[in-house]
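Observations on the three-dimensional arrangement
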Amino acid sequence: MTAASSGRLWGVASGLGAGAMWGLVFLAPKFAPEASPLLLTAGRYLAYGLIAAVLIAPRWRRLAPLIEARTWRALVWLSLAGNLVYFAFVVVAVHLAGVAASALIVGMVPVVVALWGLRDRSGPSLSRAAPPIVLAALAVALIGLVCAVGALVSWSAYAVGNSRWMARLPEVSPHDWSLLTGVVTGGLAFILAVPAVWTAQDWSGGQWLHLAGVCLGVALLASIIGNALWNQASRRLPLSMLGQMIVFETVFAFVYGYVWEGRGPALVEILAILMMIVSVIWCVRAHAPPRGAEEPPH
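Residues numbered from 1 in each chain as written. Predicted model: local features only at pLDDT ≥ 70, side-chain atom pairs only at ≥ 80, totals over all residues. Heavy atoms only, no water.

1. Focus: the overall build of the protein
- In terms of regular secondary structure, the protein is built from 14 helices and zero strands.
- Helices (α) and strands (β) of the protein occur, in sequence order from the N terminus, as α-α-α-α-α-α-α-α-α-α-α-α-α-α.
- Classification of the 298 residues of the protein by burial places 52% in the buried group. (Helix = DSSP H or I, 4+ residues; strand = E, 2+ residues; numbered from the N terminus. Buried < 20%, exposed > 50% of the residue type's maximum accessible area, 1.4 Å probe, protein only.)

Shown next as structure tokens:
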């Protein structure tokens with residue numbers, strides 16, 4: 001196995017791990033159903049920011065000179081698009097449509113990101129990449145594309161922008177980039193916290209303690225661990241292939257939703273999940289160089 005193939009394999013494994021962690025966010029509104037979308041969003045990302053600040057503090061003196069003003073601006077819009085705005089949409093969708101249906105919010109992200117990635121020189125030809133992209137789109141359409149188009153646009157913009165900025169800063173590790181994003185997201189969430197608290201003025205101490213536990217759990221698993229794994233995938237995979245990794249979030253969200261609801265998937269849902277998995281495998285194969293050809297560096 002070549003170094004490029006090995007790196008790609010680790011990239012896919014990291015994408016799978018990120019999907020497993022991110023799928024948990026669809027259960028957060030179920031664990032704290034009394035919390036408003038604004039309060040749950042502010043709580044999760046305040047916890048993310050606090051944990052990130054503690055973890056990045058020992059390395060701050062080395063990182064600070066590497067982060068310019070334009071990088072901070074990029075971190076602000078990435079934090080909004082990939083975290084605050086996206087998660088608020090997810091919470092609303094879960095309340096309105098349930099876990100399984102809301103998982104389809106991100107079901108079209110692989111298609112959007114993969115199509116964007118075809119513009120890169122490192123991406124495969126359209127004839128090789130189009131079939132798995134079309135299959136992923138059909139998998140979503142098979143069940144029905146529901147609400148929150150805003151979440152689709154928001155997360156697609158984040159996935160593309162995050163990959164671009166990590167490529168510009170190779171000296172910043174994927175984990176440190178995730179922590180920097182967390183610090184900025186936490187700062188933005190602090191602004192949301194004031195109006196969010198007004199939605200729960202009559203809460204008891206036990207309710208606040210329960211919400212804190214949910215927010216800390218989601219922040220640690222989905223934001224700290226999940227984002228670090230995603231950034232590893234972003235650094236190892238071309239953008240046209242990276243988009244397909246988001247399918248894992250949808251698949252795991254379905255599985256967690258079935259466990260929570262105590263039911264198995266319907267036949268049409270099984271078919272859609274299988275199509276999503278096949279689209280990822282197909283996409284990985286589409287990015288493999290022809291036999292005898294030398295793999296380009298990524």
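There's more to say after this.
2. Describing the packing of helix α3 (residues 37-56) against helix α11 (residues 205-236)
- For the pair α3 and α11, the least separation of the axes is 8 Å and the interaxial angle reads 55 degrees. By the angle between their directions, the pair α3 and α11 is classed as oblique. For the pair α3 and α11, the sense of crossing is right-handed. Here α3 contributes L39, L40, G43, R44, Y45, A47, Y48, I51, A52 and L55 to the contact with α11, which in turn contributes W208, L211, C215, L216, V218, A219, L220, A222, S223, I224 and N227.
- Looking at the contact of α3 with α11 residue by residue, the class counts come to 17 nonpolar, three polar and one charged. (Axes fitted to C-alpha atoms, helices over the stretch in contact; angles between N-to-C directions. Parallel < 35°, antiparallel > 145°, perpendicular 65-115°, else oblique. Left-handed = near helix turned anticlockwise from the far one by under 90°. Contact = heavy atoms within 4.5 Å. Nonpolar A, V, L, I, M, F, W, Y, C, P; charged D, E, K, R; others polar.)

3. Structural notes on the nonpolar core
- The biggest cluster of nonpolar side chains holds 64 residues, and the ones touching the most others in it are L40, W155, W177, L211 and W230.
- Among the secondary structure elements, those contributing two or more residues to this core are α1 (3-22), α3, α5 (69-97), α9 (149-168), α10 (174-197), α11, α12 (239-245) and α13 (247-261).
- Per element, the largest residue contribution to this core is ten residues, and it comes from α5.
- One finds V247, F254, Y258 and I273 within the second-largest nonpolar core, a separate group that totals six residues. (Core = buried A, V, L, I, M, F, W, Y, C linked by side-chain atoms within 4.5 Å.)

4. Considerations on the environment of F87
- Relative to the elements of secondary structure, F87 occurs in helix α5.
- In the structure, F87 is positioned 46 residues away from T41 in sequence and 6.5 Å away in space, judged by C-alpha atoms.
- Sequence-distant contacts of F87, defined by excluding residues within four places in its chain, comprise V25, A28, L40, T41, R44 and Y45.

5. Focus on a nonpolar patch on the surface
- Taken together, the side chains of V76, L80, V85 and F89 present a nonpolar region at the surface, about 260 Å² in accessible area.
- Following the sequence through the fold, L80 ends up in helix α5.
- Judged by its relative accessible area of 34%, L80 is partly exposed. (Patch = residues over 30% accessible without salt bridge, like charges linked within 9 Å, V, L, I, M, F, W, Y side chains within 5 Å. Areas by Shrake-Rupley, 256 points an atom, 1.4 Å probe, with all protein chains shown as cover. Salt bridge = Lys/Arg side-chain N within 4 Å of Asp/Glu carboxyl O.)

6. Quick word on the packing of aromatic side chains
- Following the criterion strictly, the structure yields eight aromatic pairs and no others.
- An angle of 55 degrees between the planes, with centres 5.0 Å apart, marks the rings of W203 and W208 as tilted.
- By relative accessible area, which is 13% here, W203 ends up buried.
- Classification of W208 by relative accessible area gives partly exposed; the value is 31%. (Phe/Tyr/Trp six-rings, centres within 6.5 Å; stacked < 30°, edge-to-face > 60°.)

7. Thoughts on the confidence of the model for the protein
- Averaged over every residue, the pLDDT of the protein is 80; residues scoring 70 or more account for 73%.
- When mean pLDDT is compared element by element in the protein, α3 scores highest at 93, while helix α7 (residues 109-117) scores lowest at 57. (pLDDT = per-residue confidence, 0-100.)

8. Here we look at the pattern of salt bridges
- Applying the stated criterion across every chain yields a total of four salt bridges.
- Between D176 and R62 there is a salt bridge; the shortest N-O distance is 2.9 Å. Of this pair, D176 sits in helix α10 while R62 sits in helix α4 (residues 60-63), and the two are 114 residues apart along the sequence.
- For R62, a relative accessible area of 45% corresponds to the partly exposed category.

9. Regarding the side chain of N162
- With respect to the element layout, N162 can be found in helix α9.
- Relative accessible area serves as the criterion here: at 0%, N162 is assigned to the buried category.
- Of note is the side chain of N162, whose polar atom sits 2.9 Å from the side chain of N231. (Polar contact = N/O pair within 3.5 Å; in protein donor to acceptor, adjacent residues only side chain to side chain.)

10. Side note on α11
- Across its 32 residues, α11 extends 45 Å between first and last C-alpha, which sits within 8% of the 46 Å expected from 1.5 Å per residue.
- Of all the bends in α11, the greatest, near 30 degrees, is centred on G226. (Expected span 1.5 Å × (residues − 1). Bend = angle between axes of the 7 residues up to and from the residue.)

11. Brief notes about the packing of α3 against α10
- For the pair α3 and α10, the least separation of the axes is 6 Å and the interaxial angle reads 140 degrees. Overall, the two elements α3 and α10 adopt an arrangement that is oblique. Between α3 and α10 lies a crossing whose hand is left-handed.

12. Regarding the side chain of D176
- According to the relative accessible area criterion, D176 is buried, its value standing at 2%.
- At 2.8 Å, the side chain of D176 forms a polar contact with the side chain of R59.

13. A short note on the environment of I277
- Within the fold, I277 resides in helix α14 (residues 267-286).
- Residue classification places I277 among the partly exposed residues on the basis of a relative accessible area of 34%.
- Along the sequence, I277 and M245 sit 32 residues apart, while their C-alpha atoms lie 9.6 Å from each other.

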